[in-house]
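Listed here are the chains, written in short residue letters.
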Amino acid sequence: MRIVDAKVVVTSPGRNFVTLKLTTDEGLTGLGDATLNGRELAVVSYLTDHVAPLLTGLDPHRVEDTWQYLYRGAYWRRGPVTMAAIAAVDVALWDIKAKAAGLPLYQLLGGASRDRVTTYGHANGRDIPELLDSVRARLAEGYPAVRIQTGIPGLRAVYGVHATDDHGAPVLHQRARPLVEDWDTDAYLRHTPAVFEAVRAEFGAGLPLLHDAHHRLTPVQAARLGKDLEPYRPFWLEDCTPAENQEALRLVRRHTTTPLAIGEVFNTVYDYRTLITEQLIDYVRSAVTHFGGVTPLRKLFDFAAQYQIRSAVHGPEDISPVGMAAAVHLDLAVHNFGIQEYSGHNPLTEEVFRHAYTFTDGHLHPGEAPGIGVELDEELAAAHPYEQSYLPVNRLRDGTVHDW
């Protein structure tokens, strides 16, 4: 069996997604997610101009060999564009391999280690009362754990919370220029413990609560927040410091017992080496889509398991159902699974990407369809072309771009 075609599909059914479709001479097809939120076209070019020409004629069963060929053969290794492109190839090859075997992907990864995959949902609000309503909504949907984020008094827009313009109208994610958000770290550090206190008072001590600091704190600030949150027993504090500075977690770890999660912007195992071997974190957060695919992420989880560190695959809406499906197969198979982020997708996205995985009572299951269990409706995808979009930019009150 040989690969005879490699096609890149870009579609925007509410937000942008980049998909690689590989076809073999036996008629089998495989899909891979290459979406890089806010920089989608960079990956499209990398795939179309540099990777796709290398794939035709290759044996799709040689997953590991192809991964090493693309990673080492480029000389310019790592980075989000490169690794998103390689991830798309890797997942598409696993999809083909599992289809050829007539099995769902998780069976090729060693079979199920659990019956279902536990998830957490996102709850947010511009203020605490609105957040409490959002938590109630997530619990009504069946989520067993909830990430809580709120607006901060005095700040107009905060990442992770629905932003509004000067007239109170919602600001959509897709926009021609980045949304500029204001930021005040001291206000955030004062407000966040009060948020946890209010949620605990309303929902009790048993509900697992997660919180994402979005890389905005210095090590000392992160340590202070972790310490202040200890009475409320968070499930974790996520991305408390910039991911580039691994040594920062040493200081944070010394000063708080709050569990720490990090890694959604990491691209390779080398980004984690210090954090894992020194046991500075409790959960690894990388996505299949941005880490080079199933092949390296499985290796990362096995590495982390030696240090009692668990998986927690990044799963926001900008990971397409293709990337989400691959993650759920991996979640079901690995022994040291922790929790899966799951935001779901809008109905149009679910029409473009028809998937076998299901969400029931706060848990995911990949289904029993051969491969990863996702089919792409190319005609519907073509009816929703790419739209320019950016992630927000933070500025401090004096106008400085926030550098943490």
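From a predicted model like this one, the values you see are computed outputs, not experimental measurements. Sequence positions are assigned chain by chain, starting from 1 and proceeding in written order. Since the coordinates come from a predicted model, pLDDT governs what is reported: local features require at least 70, and pairs of side-chain atoms require 80 or more to be given and counted, while whole-chain, interface and lining totals use all residues. Excluded from the side-chain calculations are hydrogens and water; all other atoms, namely the structure's heavy atoms, are used.

Q: Honestly, the layout of surface pockets in this entry has me stumped. Any pointers?
A: Regions of empty space are outlined by a rolling probe, equal in size to a water molecule, passed over the atoms. Whether a set of points on the 1 Å grid over the protein atoms alone is a cavity depends on a 1.4 Å probe fitting there but being unable to get out, while an open set qualifies as a pocket with protein on both sides within 12 Å along at least five of seven lines; lining residues are those with an atom within 4 Å of a point. Grid points are joined across faces, edges and corners, and a volume is the space filled by probe spheres set on the points. The volume enclosed by the second largest pocket comes to roughly 220 Å³. As for the second largest pocket, its lining consists of 14 residues, and the residues nearest its centre are W67, V269, Y270, P296 and K299. Its residues assigned to classes, the lining of the second largest pocket comprises eight nonpolar, four polar and two charged. Lys, Arg, Asp and Glu make up the charged group, whereas Ala, Val, Leu, Ile, Met, Phe, Trp, Tyr, Cys and Pro make up the nonpolar group; the residues left over, Gly among them, are polar.

Q: I keep staring at the nonpolar core and nothing clicks. Help me out?
A: As a rule of thumb, nonpolar side chains are buried together in soluble globular proteins. Core analysis: the largest hydrophobic core is formed by 105 residues, its most contacted members being L22, L47, I148, L249, V284 and V294. Helical segments are the DSSP runs of H or I of at least four residues, strand segments are the runs of E of at least two, and each set is numbered from the N terminus. Here the element with the most residues in this core is helix α3 (residues 80-101); it accounts for twelve residues. Between two residues, a contact is recorded if the distance between any of their heavy atoms is within 4.5 Å. Each residue touching I148, except ones within four places of it in the same chain, is listed here: A123, L131, V135, V195, F196, V199, L209, L210 and H211. Among buried residues, the Ala, Val, Leu, Ile, Met, Phe, Trp, Tyr and Cys ones that are joined through side-chain atoms within 4.5 Å form a nonpolar core. The buried label applies to any residue whose accessible area, calculated with a 1.4 Å probe on protein chains only, is under 20% of its type's maximum; exposed applies above 50%, and partly exposed to all values in between. Grouped together as the second largest cluster of nonpolar side chains are eight residues, L210, W236, A261 and A312 included.

Q: When you look at helix α7 (residues 219-229) in this model, what are you seeing that I'm missing?
A: Given 3.6 residues per helical turn, the α-helix brings residues three or four places apart onto the same face. Turning to α7, its buried residues number three or more, namely Q221, A222, A223, L225, G226 and L229. Tucked into the core, α7 has its buried residues touching α6 (185-203), β8 (236-238) and α8 (248-255).

Q: Whenever I open this one, empty space enclosed by the protein confuses me. Can you help?
A: One pass over the full model with this rule turns up two cavities of 30 Å³ or more. Taken as a whole, the largest cavity encloses approximately 100 Å³ of empty space. Lining the largest cavity are 16 residues, with Q149, T150, Y188, T192 and H211 sitting closest to its centre. Elements that contribute at least two residues to the lining of the largest cavity include exactly β5 (146-150), α6 and β7 (209-212). The biggest single contributor to the lining of the largest cavity is α6, with four residues. When its volume is computed, the second largest cavity comes out at roughly 30 Å³. Around the second largest cavity sit R15, F17, E317, G344, H345, N346 and T349, which together line it. Across the lining of the second largest cavity, the residue classes break down as one nonpolar, four polar and two charged.

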